Amino acid sequence: MPSGALLFQSILLGLLLGGLYALLASGLTLYFGIMRVVMIAHSAFLILAAYLAWYLHERAGIDPLLSMLVTVPLFFGAGVGLQRLLLTRLRPATLTMMSVLLTFAIALLIEGLLGYAFTGTQRRINLGYGSASLELFGARIAVVKLIAFGLAAVALTTLYLLMKRTRFGWALRATIQHRDAARLLGIDTERVAGYGFGIGLATAAIGGTALSLDTTIYPSLHWHWIGPLMAIIVVGGLGSVPGAAIAAMVLGMAQSLLQIPMGTTWAQTVFYVALFATLAFRPQGFFGGRLAQRF
Amino acid sequence: MLNASRYLKIGAIVLLAVAVLAFPSVAPNPYILSAGVLVLYYAALSTSWNFVGGFTGYISLGHGALAGLGAYGTGLLVAKGGLPPFLALFAGAAAVAALAVPIGFAALRVRGASFVIVSIALVLILLLVFQSWASVTGGSRGLVVPRPFDLTRPEHHRVFYYLFAGLVTVALLAWWLIDRSRFGLGLKSIREDEDKAEALGTATFAYKLIVFVVSAGFTALAGGLYALWFGDLDPVFQFSILTGSYLVLMALLGGVRQLFGPVAGAIIVGVALEYFKVEYGDTPLHLVATGLLLALVVLFMPDGILPAIGDLLKRFDRTKRSSIREVSAAELREQRLAEAKGAAR
């Protein structure tokens, strides 16, 4: 039986991890909601953002948090470009399938180019506050994890407000709900979809920066992320943002708690177990989603 | 009724068969011969993949993992179970086919993108298990599979070259038979419109499951044969998403609706992969090349090159329309409308 302090620490860490998962999965649900696109390259962009943060810190001494001033607009632009230039070229009938292969190809490109530019060596940002930690009722929480969670919380709140309170958000949600009806109402769905894609990729820029704070990064790291993230959006129900957030929290917590008896590697299997259990018992996802089975 | 294009087709097949059979005799050195074995291995895998991908339209990125399971199944039965190699090969493949039933049962309940996600998850989870469960699988140290024959290296390559060629032939024959059967028709109806197929009384789920199991069995046979040939297994290579994506790339590039599409794709991509390995060694540029190739195929040639060549040939032979051409519902409707107009006149 683990001690109370260890349990408490694991719960806190699970919460923090869940927040980061929620941020990253929200991008994936956006793409899927808007265009029925499963973006395999999302986690590759995540690692790309982490590398950019590392590179700017290494070369110019810029704090990773400031590097977002560069990466977020850059990724937004890349997302708009990706949707406009590549995804719209695919045939509508096979869009979902082919988009998986296309974004898979992009992921390979990013991984290969990162490996070529920075070699396969593992990299880590050395921050002044990197090893600092807080004591909270006997639990030790690294400051960088708190910062990462803070970033996720701010980004998700902004996303929520954007979706609920702005005209653009309404247009985006209308596009997600019913593309043709939205177009009839005079919404330029093509443009909205492009910007929606950009926002999704911008969340990857923020997530990647949060990741770079306390993770050792290497080019093929994105494979370790894609599995859990995909599991989260399937469990949450494809296309459902709240579903993804809940699933992220639950699974992040489960992973953190299972690490005590099982160790880090085997604890990872919780995502896949959840994925297969979801498919076996409730293919449309456990929370909210209703699109999943058809796509 | 034999017309020019039919003769051309038969001629091409005979030519291909002769070229494949003669290759070991003309290969200048054992390395080229081993590259030939690898290309045939890929051809066997992508043809096996095409049972699911070509007939039902379900794109699996996880077939690399099924091949890995076949390889490890065969390897473990030989190395730890002491079974004779070729008995182990078939026992391993049968075990993988049996395992494919529950996997398919879960994965085939969802369509399109969800199915692709599940197939990726399959690779990732098996990689995790085979790396961590070192007491059985050897983990990252690898698993050494004893060789089935006591032969010199070139002779060993030559024997396995013909074994793989045999496997490819059997797989092609099975694909061809399904293609012409009622079962194949049901599978293709799933590809065109699953809901309508189901409404018309096709047992879509059973059809999908059966073809998935067949595909898994062939994939595992290819993987097991690879284990016996190569003799050394490593989870990182056996359970790699990259292998799965190579298969998809090969099949798409060649043409998933064609019998010889995956083989053509395997020859092109397999040769390109070997070339990249020689030229760029261990640099990650082979990833870039694979990614670029995949993106180009998806964007500009989603039907594959065999249909593209077929269209080119058709230009020279306007008099005859190929009778086994597959038409989409929209094309059929247009054709009928045109006929009806003609009849009315």
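What you are looking at is a predicted structure, and each value in this text was computed from that prediction instead of being measured.

Draft legend 1. Highlighting the confidence of the model for chain B. All names here are of chain B. For chain B, the average pLDDT comes to 86, and 95% of its residues sit at 70 or higher. Here helix α15 (residues 305–316) stands out as the least confident element of chain B, with mean pLDDT 75; helix α10 (residues 204–230) is the most confident, with 94. As a predicted assembly, this complex carries a pTM of 0.83 together with an ipTM value of 0.84.

Draft legend 2. Quick peek at the interface of chain A and chain B. Contact with chain A, which involves 43 residues of that partner, is made by 42 residues of chain B. In total, about 3800 Å² of surface goes out of reach between chain A and chain B, with carbon and sulfur atoms giving 82% of it. Looking only at chain A, the three residues that lose the most surface to chain B are Met97, Leu101 and Phe276 of chain A, adding up to 16% of its buried area. Here chain A is connected to chain B by one salt bridge. Note that Arg91 of chain A and Asp303 of chain B form a salt bridge whose closest N and O atoms lie 3.3 Å from each other. If you look at where chain A meets chain B, you find one residue pair in polar contact (both at pLDDT 80 or more).

Draft legend 3. Expanded view of the domain arrangement of chain B. Residues and elements named next belong to chain B. By the assigned domains, chain B splits into domain 1 (30–303) and domain 2 (305–345). Contacts between the two partners involve 13 residues from domain 1, matched on the other side by four residues from domain 2. In total, about 670 Å² of surface goes out of reach between domain 1 and domain 2, with carbon and sulfur atoms giving 62% of it. In terms of surface lost to domain 2, no three residues of domain 1 exceed Gln258, Met301 and Asp303, which account for 38% of the buried area on that side. The interface formed by domain 1 and domain 2 holds one residue pair in polar contact (both at pLDDT 80 or more) in total. When contributions to the side of domain 1 that touches domain 2 are tallied by element, the ones reaching two or more residues are α8 (182–192), α12 (241–254) and α13 (261–280). In terms of residues, the side of domain 1 that touches domain 2 owes the most to one element, α13, which gives three residues. Among the residues making up the side of domain 1 that touches domain 2, the classes are represented as five nonpolar, four polar and four charged.

Draft legend 4. Geometry of the pattern of salt bridges. Residues and elements named next belong to chain B. In the structure shown here, the tally under the stated rule is ten salt bridges over all chains. Residue Glu155 pairs with Arg158 through a salt bridge whose shortest N-O separation is 3.6 Å. Here the residue Glu155 and the residue Arg158 both occupy positions in helix α7 (residues 153–180), the gap between them amounting to three residues, near one helical turn. Glu155 gets classed as partly exposed once you look at its relative accessible area, which sits at 34%. Glu192 is paired through a salt bridge with Arg191; the nearest N and O atoms lie 3.4 Å apart. A single salt-bridge network, built from bridges that share partners, covers Arg191, Glu192 and Arg257.

About the cut-offs
Residues numbered from 1 in each chain as written. Chains lettered and ligands numbered in written order. Predicted model: local features only at pLDDT ≥ 70, side-chain atom pairs only at ≥ 80, totals over all residues. Heavy atoms only, no water. pLDDT = per-residue confidence, 0-100. Helix = DSSP H or I, 4+ residues; strand = E, 2+ residues; numbered from the N terminus. Contact = heavy atoms within 4.5 Å. Buried area = accessible area lost by both parts, 1.4 Å probe. Salt bridge = Lys/Arg side-chain N within 4 Å of Asp/Glu carboxyl O. Polar contact = N/O pair within 3.5 Å; in protein donor to acceptor, adjacent residues only side chain to side chain. Domains from an automatic or database assignment. Nonpolar A, V, L, I, M, F, W, Y, C, P; charged D, E, K, R; others polar. Buried < 20%, exposed > 50% of the residue type's maximum accessible area, 1.4 Å probe, protein only.

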